[in-house]
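Residues per chain, in single letters:
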Amino acid sequence: MTARDTILNAVLAACPAGDARAVADAAAALLDDPDSSRPPLAAPGLPEAFTLKATALGASVERVANMASVPEAVARYLERHGLVGLSVQPAPALTALDWTGIATHDHLAADEPAALGLALYGIAESGSLVVHSGPDAPILLSFLPLHHIVVLRESTLLPWLEDYAARLEAASVPRNAILITGPSGTTDIEGSYVRGAHGPGFLHIIITGTDDIPE
Amino acid sequence: MSGQPQPTVGLFVTCLVDAIRPQIGFAAIQLLEEAGCRVEVPEAQTCCGQPAFNSGDDRDTARLARQTIAAFEGFDHVVLPSGSCAATMVHGWPELLAGDPDWAARAKAFAAKTHEITSFLVDVLGYAPSGRRLAASATYHDSCSGLRELGVAAQPRALLAHVEALEMRGLPGNDVCCGFGGTFCVKYSDISNAIVTEKAEAIEGTGADLLLAGDLGCLMNMAGKLHRRGAKTRCFHAIEVLAGRADGPAIGEEA
Amino acid sequence: MNVALPPFKERARAALADRTLKLAIDRTTGTAEAKRAAAVAAFPEFDAARARGRAIKDHVIANLGHYLEMFERNATASGAHVHWAVDDAEARAIVTRLCLDAKAKVVTRSKSMLGEEIGLPHALADAGIERVETDLAEHIIQLAGETPSHIIWPAMHRTREQVAELFNASHQPPPEADDPATMVQSARRVLREKFLGADVGISGANFLVADTGATCTVTNEGNAELTTTPPRVHIVTAGIEKIVPSTAHAMALLRILVRSATGGELTQYTTFHCGPKRPGDADGPEEMHIVLVDNGRTKMLAGEFREMLRCIRCGACMNHCVVYRQIGGHAYGGTYPGPMGSVLTPVLDGLAAARDLPNACTMNGRCAEVCPVGIPIPTLLRAWRRRSWRERLEPGALRAGIGLWAQVAYRPALYRLASRIGVRALRAFGRDGWIGSLPLAGGWTAYRDLPRPSGRTFMEQYRDQQKGRK
């Protein structure tokens, strides 16, 4: 008998299989009335709620009118932190912007100082950014840089974790889906919190307004 | 209570009170009578069986449980000056006898009428002491079984609030175990000592004159440690204070 | 459990004598306890969230076969290879073979307690493969040649001064100061090179999502993604109880897991891995393998420890345990320390080797109070005690003592007589109200005084009073 059979036989001997339909119904019922067991949003508006959570986690957040305003905001951030150059995620929404005056590149060094990425969603409940792997979305872009700058379109803000789960499962699930909730950190030495453990020590979020340029 | 029949209470004094500190039993009788109960102390009581129960010896525990249930189930209520022993009767015994067709229902019915004394006085009888006065500062330790298995927390504090001139001081870590744990404190005495040492430090840190609690086992552990450390804190069961009996010797003091 | 370890009581004594250990434990557990309390206070729906989490786990456990097959189907469809391991040896063998097949010289690992449970670190060393622990705490204990002492903070037993000693000896150049921030930067620099040169990355899983076939990992440092993305091969090892029906169910559990573990709302990184690199993907491993491990779990499913399968490994029980906070994790001697470990270690290592663990507990119930999925840990510990008593593993003197006591306790008249004699005899040992030393009660009087009984039992005095009344 294979290990698989041994394990499944033992599982089924202890807990006989139920009707698949009934199991699915029971699983769905376990998610009924989600409001009863999740925290209220930090503010009535999604951008405000998101911003409160993200800043509490140590991220910095700024809001701009639209995508066209992003390069200017990025330039200000780089200048503020004495950074020159920027790795930009090869996403059309970002590469299509006018980067005149900023030295951008599309590769990622092992010790990349700063990188700009595009979030697929933001989650207001927790201040989380969602990134998915893909041809124009390297996962390491969110982990190698010291400064991680992320563009979040206000229109992609979701209230709760469940709203993102529904979107993830409705589409084809990517190889890697990541909720980024604040800059990298650790409490492994005596429980004291230190930012920038292995991933970015700085997370800057640029929320673009609803008067987006068309994609 | 006028017009209503006087409730009968079977008092289970617990083995530790019987042997070490009878005053607690008399304080219990006094308070229950003041609250309008007719109190009896059945001869057929010994121990709730926790030493056996916590050692995994179910057979002996069940034997003691059946005997005690038979002796006490005729009363309206069964009351104990201990959250720990009460919790054993309320939760442990029904679990233990659940598979016994002759006793499962009796154990459940028995559990339903069994109470730790301060919660019985407050929740069931609506009693509040009057005319008590004790000019002292005191801190209160929540014994674990009473707190977590029976929800005893507000009741002793509500009762103590009626004692005039008694200044209650918060105990940091009031809901953290004192390290007694019944047989634990002798089986793993080194660990128990480390735990009760921290507890004693917290108690001394309050500067309170008195340490109060609802379980003699925990009190003996803490009082014994405080005395070994040379602390001046005097230790009483909370109901001794409530019964106005804290003018006598504290735990470990001779009359 | 390592059979060469000294007995539990000796380990505990050694731990109690180590004041630096106590300092380290207090620093981390104190913070953890306060942060969890704040997180729970800020989440009024926490109890409802706990009830939901518990119901989800119970549902999965009751339908585990259904969900395991669903997970396998979907994970396979995503391009991952699913392997099954009955026990730790089989799991080790599978992972080692996968590493050797990949011709791996260097393997990076993201913290996984299951990896520890199945003995992966030693197995990789035996296979001649360089293992790089990437979680900061795991990096610390790898340098120290130790095992985790806590399931969330594996290096909890080390003070920052001790960490600085380790880093000074092994980091080139050594960190410039011994504050946590400087040392974290030093580890970041040292490990960064390792991430990008590894052949295989091994992680665990906090959840296995049945309807997508994804594995979910929650971390704070970012080391998990740096472990699972660059290498050619990604291997996940996970216990079969980690299943959840869907991503939304995982979200419901995340809310209680993270708050209970660190007091945060979510960890910095919540990652779902679903198969290997897709065509055109910018990065990711060529192969993904998932090893589903039983190792005692089906035995728990079939018996009285089934509720323990709800455990989501948050560590709250140990942070709130008076015993853990005195002796730390290593004294327990198993992979999993503290209250949850005292339930699990007898399953994994056998009751005969671990019988002290379920006994070394005051039954104060604080672990169950903080458990996010309502595991009645004291009840399960009592079940082990019951089995230990039944199997006659308890010391003979204890059995004889309890037996004799029960014979007397069952006979009230005899009991009255014995207690009357007992309290009078006891009085002879003390003076001024206290007994400082007592034969057969050395465990008590070594550390504390015993109140001297007044000499007459309550029952004697009460009967006299009653006679007087009549």
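Residues numbered from 1 in each chain as written. Chains lettered and ligands numbered in written order. Predicted model: local features only at pLDDT ≥ 70, side-chain atom pairs only at ≥ 80, totals over all residues.

Draft legend 1. Expanded view of the overall build of chain C. The secondary structure content of chain C amounts to 24 helices and twelve strands. Taking the contacts inside chain C whose residues are at least 6 apart along the sequence as the reference set, 73% of them involve residues at least 24 apart. (Helix = DSSP H or I, 4+ residues; strand = E, 2+ residues; numbered from the N terminus. Contact = placed C-beta atoms within 7 Å.)

Draft legend 2. Spotlight on the sheet that holds strand E2 (residues 38–40) of chain B. Residue and element names in this part refer to chain B. Pairing is parallel across the open sheet formed by four strands, whose spatial order is E2-E1-E3-E4. What marks the edges here is a single partner per strand, and that holds for E2 and strand E4 (114–116). Averaged over neighbouring strand pairs, the angle between their axes works out to 30° when direction is ignored. Two elements, strand E3 (residues 77–80) and E4, share three bridges in a ladder whose sense is parallel. (Pairing = 2+ DSSP bridges. Axes fitted to C-alpha atoms, helices over the stretch in contact; angles between N-to-C directions.)

Draft legend 3. Region of the structure containing the interface of chain A and chain C. On the chain C side, the residues contacting the 66 residues of chain A number 83 residues. Looking at side-chain class alone, the side of chain A that touches chain C contains 37 nonpolar, 20 polar and nine charged residues. In terms of strand pairing, strand E9 (residues 176–180) of chain A meets strand E9 (residues 269–273) of chain C through five bridges, oriented antiparallel. Paired with Ile178(A) across the two strands is Thr271(C), which belongs to E9(C). (Nonpolar A, V, L, I, M, F, W, Y, C, P; charged D, E, K, R; others polar.)

Draft legend 4. Structural detail: the domain arrangement of chain C. Looking at chain C, the domain boundaries give domain 1 (8–298) and domain 2 (396–469). The gap between the C-alpha centroids of domain 1 of chain C and domain 2 of chain C is 52 Å. (Domains from an automatic or database assignment.)

Draft legend 5. Examining the nonpolar core more closely. Ala119(A), Val130(A), Met222(B), Leu253(C), Val291(C) and Ile377(C) are the most contacted members of the largest nonpolar core, which has 296 residues in total. Looking at this core, the element that brings in the most residues is helix H12 (residues 247–261) of chain C, giving ten residues. Every residue in contact with Val291(C), bar those within four places of it in the chain, is listed here: His83(C), Ala85(C), Ala91(C), Ile94(C), Val95(C), Ile235(C), Val236(C) and Thr237(C). (Core = buried A, V, L, I, M, F, W, Y, C linked by C-beta atoms within 7 Å. Buried ≥ 20, exposed ≤ 12 C-beta atoms within 10 Å, placed from the backbone.)

Draft legend 6. Region of interest: the arrangement of the chains. Counting contacts across all two pairs of chains that touch, the top-ranked interface belongs to chains A and C. Separating chain A from chain B is a minimum C-alpha gap of 20 Å, and the two share no contact.

Draft legend 7. Spatial organisation of the pairing of strand E4 (residues 200–203) of chain C. All names here are of chain C. Burial of the side chains of E4 extends over both faces: Val200 and Ile202 are buried on one face and Gly201 and Ser203 on the other. Sheet topology note: the strand E2 (residues 106–109)/E4 ladder contains three bridges and is parallel. Residue pairing for E4: Arg109 is matched across the bridge by Ile202.

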